[in-house]
Each structure stands twice: as structure tokens, then as C-alpha cells.
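Residue-level listing of the chains:
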Amino acid sequence: MTAGNAGPTTTDEVGVRYEQDGPVATVTLCRPDVLNAQTPAMWTELGNISRKLPGDVRVVIVRAEGRAFSAGLDLSVARGDGDSSLSRLAQLSATECADRIAGFQTAFTWLRSPSIVTIAAVQGHAIGAGFQLALNCDMRVLADDARLSMAEVTLGLVPDLGGTKRLTELVGPSRALEICVTGRRISADEADRIGLATTVVARADLDATVSDLAAAVLAADRGAVAEIKALLAGAPLRSYAEQDRAEREAQTRRLSELLGSGE
């Protein structure tokens, strides 16, 4: 993986492709024949991308090929007999199982890093792990045919890939509970109305809208963007007084970097 205008650097066989154009990196789910159903191998590749991400990347776009963003966990893998199947996970000790899930989570949670702005471009279905992948991004641009669902409950499971906190922050605990325990489909219009979508556009306009949004982010000062993202991410955990202090400290750092004497 190299900086600059890099071509694809991961294999389509895994189901994840990485491309870089200057400060914009694009991560594409590329298993359209199975609606980009996700596997542990894909999560490993996503984690590898996060560890190798060049320092000059400022925006990461997460998108998918075909008619769906992601149908969620690949059930043929989950119900199989591989090391990461549900049955194998159930045979591990509680600590081992939790550690294995922690490894899966890193494929998603790096998208919340303060040093980058992440944008999900969502068309068609984003179910379970697909919904959580979009939730871990800072912004979600939805095509008007998007359908979101936290469907883990239909398997007797809970969402465990870093999506529950963001969902609760966006829609509130009562609605988040309803979404998670029913596993129902959420239309693009409803997602827009309840705050899950940054914007909703016609399917034909999805890529252009995401590109324009990335360009707007890049037009802003990189240091300011990182400070703002960190300020907003921490706001729900702080009191008003604590947030006021965090703002003062962030602004002091910005003034020092922009106008300081360098001493």
C-alpha cells in the first residue's frame, strides 16, 4: 500500500478492495454476487487496511459494488465449521470468545479515528454487519433505495461490531431499542427523518454526492477538522463545563499551531 495515486492494493478474492487518490482512500466491498455478505476474512482485510493507512489520507469512503451495500454476515460461514463459525466461537472460553470478537470489532472501529473523516456510500440493503459498518463511519450518504436493518436479533444474537453506541447517539435509546429488537427494515426516508442519514439522494447521484462531500472536507484545515471531530465525539460524555473546557483547549492548540511563535 503506497501513498499518492495508488491503484487497487487488496485482492477481490477476499472481498475488499483498497484504492487511494491523493488524500482520499476508497474501501470497496466487492462480493456483489452475494450482496457483499461479510466474512471474517473481509474483517481481517479491513483491519489490515487500517494499520497500513498512509498518513496523508484525510478522507476514507466506504462503498460497495452491486445492488446492495452489504447483506450482513455471510451465513454460510457463520453456520459452517470454520474457526470463526458461531458453533466454534461458542466452544471457546468466555475470555477467548470475547477476544475473538474484539478482533472482529477492529475492522469497524478504526473508522471512528479522529485523524480521518469517514463517509459511507450506501445503496440497497445494509443489514446487520452492513448497517454497523455504515454506523461506524462519520457520515452516511444514502441512496433513495437504501434499506437499513439491525437484524442480529433474528439469529438470537446482539449487535457486536461497534454499532450500538452510535445508533443510540443518533436516534436515542428508546428508538435504538425498537430498531434492534425488531430487526425491521428502515427506509431511506425514515433514516433521513430520524437522523441516521447525513443526506439521501437518487441512486444515480450517490457517487457524485459522496465525492462532493469528500471535497468539502478536504477544503477545510486538516488540524481543525481533527479537533472538531474529537470535540463532537467526546461531547456526549462531558458536562457543559467540561465541553466548554475542551473547546478552550482545542482552540488554544489551533492558535498555537497556526499563529504561535514556534518556541
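Residues numbered from 1 in each chain as written. Predicted model: local features only at pLDDT ≥ 70, side-chain atom pairs only at ≥ 80, totals over all residues. Heavy atoms only, no water.

As recorded in an unreviewed UniProt entry, the protein goes by Enoyl-CoA hydratase/isomerase family protein and comes from Actinoplanes sichuanensis. Listed in UniProt under the heading Sequence similarities (unreviewed entry), the comment for the protein reads: "Belongs to the enoyl-CoA hydratase/isomerase family." (UniProt positions renumbered as here; feature names shortened; annotations may be inferred.)

Chemist: Would you mind showing me how to read the pattern of salt bridges here?
Modeler: Any two side chains of opposite charge can pair, so long as their charged atoms come close to each other. Going through the model one piece at a time under the given rule, you end up with 13 salt bridges. Across the pair Asp145 and Arg203 runs a salt bridge, and its minimum N-O distance is 2.7 Å. Placement of Asp145 in the loop between β7 (139-143) and β8 (147-149) and of Arg203 in the loop between β10 (199-201) and α9 (206-219) is noted, with a sequence separation of 58 residues between them. By relative accessible area, which is 35% here, Arg203 ends up partly exposed. Residue Glu178 is joined to Arg184 by a salt bridge in which the shortest nitrogen-to-oxygen separation is 2.4 Å. For Glu178, a relative accessible area of 27% gives the class partly exposed. With a relative accessible area of 25%, Arg184 lands in the partly exposed category. Connected via shared salt-bridge partners are Arg17, Glu19 and Glu65. (Salt bridge = Lys/Arg side-chain N within 4 Å of Asp/Glu carboxyl O. Helix = DSSP H or I, 4+ residues; strand = E, 2+ residues; numbered from the N terminus. Buried < 20%, exposed > 50% of the residue type's maximum accessible area, 1.4 Å probe, protein only.)

Chemist: How should the pairing of strand β3 (residues 24-29) be read in this particular structure?
Modeler: Sheet faces and side chains relate simply in a regular strand, where the side chains alternate between the two faces. β3 sits mainly inside the fold: 6 of its 6 residues count as buried. Neither face of β3 is open: one carries Val24, Thr26 and Thr28, the other Ala25, Val27 and Leu29, and all of them are buried. In this structure, strand β2 (residues 16-21) lies alongside β3, joined through 6 bridges in antiparallel fashion. What sits directly across from Tyr18, in β3, is Val27. (Pairing = 2+ DSSP bridges.)

Chemist: Looking at this structure, how should I read the nonpolar core?
Modeler: For soluble globular proteins, nonpolar side chains are generally found buried alongside one another. The biggest cluster of nonpolar side chains holds 48 residues, and the ones touching the most others in it are Leu53, Val60, Val122, Leu148, Leu167 and Leu196. Considering every element that reaches this core, the biggest residue donor is helix α5 (residues 129-136), with 5 residues. Excluding residues within four positions of it along the chain, Val122 makes contact with Phe69, Ala134, Val141, Leu142, Ala143, Ala146, Leu148 and Leu206. (Core = buried A, V, L, I, M, F, W, Y, C linked by side-chain atoms within 4.5 Å. Contact = heavy atoms within 4.5 Å.)

Chemist: Which parts of the structure should I look at to understand the packing of helix α1 (residues 40-52) against helix α4 (residues 94-109)?
Modeler: Helix-helix packing: each pair is described by the crossing angle between the helix axes and the interaxial distance. Contact geometry of α1 with α4 gives a least axis separation of 8 Å together with a crossing angle of 55°. Considering their axes alone, α1 and α4 lie oblique with respect to each other. Note that α1 runs across α4; the crossing there is left-handed. Residue-level contacts link Pro40, Trp43, Leu46 and Gly47 of α1 to Phe104, Ala107 and Phe108 of α4. For the contact of α1 with α4, the class distribution of residues is 6 nonpolar, 1 polar and no charged. (Axes fitted to C-alpha atoms, helices over the stretch in contact; angles between N-to-C directions. Parallel < 35°, antiparallel > 145°, perpendicular 65-115°, else oblique. Left-handed = near helix turned anticlockwise from the far one by under 90°. Nonpolar A, V, L, I, M, F, W, Y, C, P; charged D, E, K, R; others polar.)

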